[in-house]
Number of protein chains: 2
Amino acid sequence: MSNGTGPYVCGIDAGMDVVGGKWKALILWALDHEGTLRFGQLKRQVPGVSEKMLIQQLRELEADGIVHREVYREVPPRVEYSLTEMGEGLNEALGPLGAWATRHMDQILAAKHRDVA
Amino acid sequence: MSNGTGPYVCGIDAGMDVVGGKWKALILWALDHEGTLRFGQLKRQVPGVSEKMLIQQLRELEADGIVHREVYREVPPRVEYSLTEMGEGLNEALGPLGAWATRHMDQILAAKHRDVA
DNA sequence: CGGTATCCACTAAGATACTG
DNA sequence: CAGTATCTTAGTGGATACCG
């Protein structure tokens, strides 16, 4: 996801690299609003995601220190995902972006329809 | 870049869709710091980008109302790119994300090295 | 329940060559 | 100078089937 020319040019570049996956924003948002979630619950909160993608994105977020994965060795198995402190900070940092997009939602949607047509 | 399940689930989702291209953050950053730039100047400010990708990302940003493209019909041709008001707003909204990433840069870089290895 | 593994389609991205 | 056109490759994402 980076440009490969060594370290990042700016913080935004690095930030986009962390949160830039197709489903990551949605995962972050779900964990922020619902708190700790099991795998199955999380899947329901992110409609349309496949198990493969959900796992993949969760593993990347975990590697980046954004989400915490807690395994309970029970029958049936239970795994819970939650935001770390760093993840909560990331969510706060994304707040203004969300607000901006909400403010300009009509234009964003209009542009999107145009390139579909 | 969206999940295709209709409108966006949240603003962050929509925002990521606008700024989520591989080079868009860098383009935004360059235009914000340098002001109006010609195509060639912009290319030098975004090291490693191909002309094809630069054009493509610029066209998408233009369609989203983020950058303004001004063509001067001269010889040799001159085209200048600048941020719109909406684009400047987007840049401000990305500020906290950049700050967050800068704050956690070491962990981000560490995670990145780990999955290279 | 919470994953893995495999295969396949699609798109994003890069290299190169050419044009108004 | 500022693109366009074409081809090729790498990576992303989805469907399906199976496992502890």
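Residues numbered from 1 in each chain as written. Chains lettered and ligands numbered in written order. Predicted model: local features only at pLDDT ≥ 70, side-chain atom pairs only at ≥ 80, totals over all residues. Heavy atoms only, no water.

Looking at an unreviewed UniProt entry, chain A carries the name Helix-turn-helix domain-containing protein, with the source organism given as Streptomyces enissocaesilis.

Digging into the nonpolar core
Here is the rule: Working definition of a nonpolar core: buried Ala, Val, Leu, Ile, Met, Phe, Trp, Tyr and Cys residues. They are joined through side-chain atoms within 4.5 Å. The cut-offs for exposure are 20% and 50% of the maximum accessible area for each residue type, with area from a 1.4 Å probe on protein chains only; residues under the lower value are buried, those over the upper are exposed, and the others partly exposed. Residues are treated as being in contact if the distance between any of their heavy atoms lies within 4.5 Å.
Among the nonpolar cores identified, the biggest contains 69 residues, and Ile66(A), Trp100(A) and Trp100(B) are the most heavily contacted of them. For Ile66(A), the residues in contact, after removing those within four places along its chain, are Val18(A), Leu28(A), Leu61(A), Ser82(A), Leu83(A), Thr84(A), Met86(A), Gly87(A), Leu90(A) and Trp100(B).

Overview of the relation of the copies chain A and chain B
So the rule is basically this: Least-squares superposition of the copies uses the C-alpha atoms of those residues scoring a pLDDT of at least 70 in each of them.
Superposing chain A onto chain B takes a rotation of 180° plus a shift of 0.0 Å along the axis, which leaves an RMSD of 0.0 Å. Considering both components of the superposition, the chain copies are consistent with a two-fold axis. Relative to the rotation axis, the C-alpha of Gly20(A) is the closest in chain A, positioned 3.2 Å from it. Take the interface residues of chain A: 100% of them recur as interface residues in chain B, which is what a same-surface contact looks like.

Here's the deal with the protein's contact with DNA strand C
Stated formally: Proximity criterion: a residue is near a molecule or strand once any of its heavy atoms comes within 4 Å of it. Polar contact is the term for a pair of N or O atoms within 3.5 Å; when the atoms are in protein, one must be able to donate a hydrogen and the other to accept it, and sequence-neighboring residues count only if both atoms are side-chain atoms. In this description a helix means any DSSP run of H or I spanning at least four residues, a strand means any run of E spanning at least two, and both kinds are numbered starting from the N terminus. Charged residues are taken to be Asp, Glu, Lys and Arg, nonpolar residues to be Ala, Val, Leu, Ile, Met, Phe, Trp, Tyr, Cys and Pro, and polar residues to be all remaining types, Gly included.
Inspection of the region around DNA strand C gives 18 residues, with Glu51(A), Ile55(A), Arg59(A), Arg69(A) and Lys52(B) positioned closest. Here the atoms of DNA strand C within 4 Å of the protein split so that 62% fall in sugar or phosphate, with bases taking the remainder. At a separation of 2.9 Å, a phosphate oxygen of DNA strand C approaches a polar side-chain atom of Tyr81(A). Between DNA strand C and Lys22(B) there is a distance of 2.9 Å, counted from a phosphate oxygen to a side-chain nitrogen or oxygen. Taken together, the elements giving at least two residues each to the surface near DNA strand C come down to α3 (39–45), α4 (51–63) and β3 (78–83) of chain A together with α4 (51–63) of chain B. Broken down by class, the residue content of the surface near DNA strand C amounts to 9 nonpolar, 2 polar and 7 charged.

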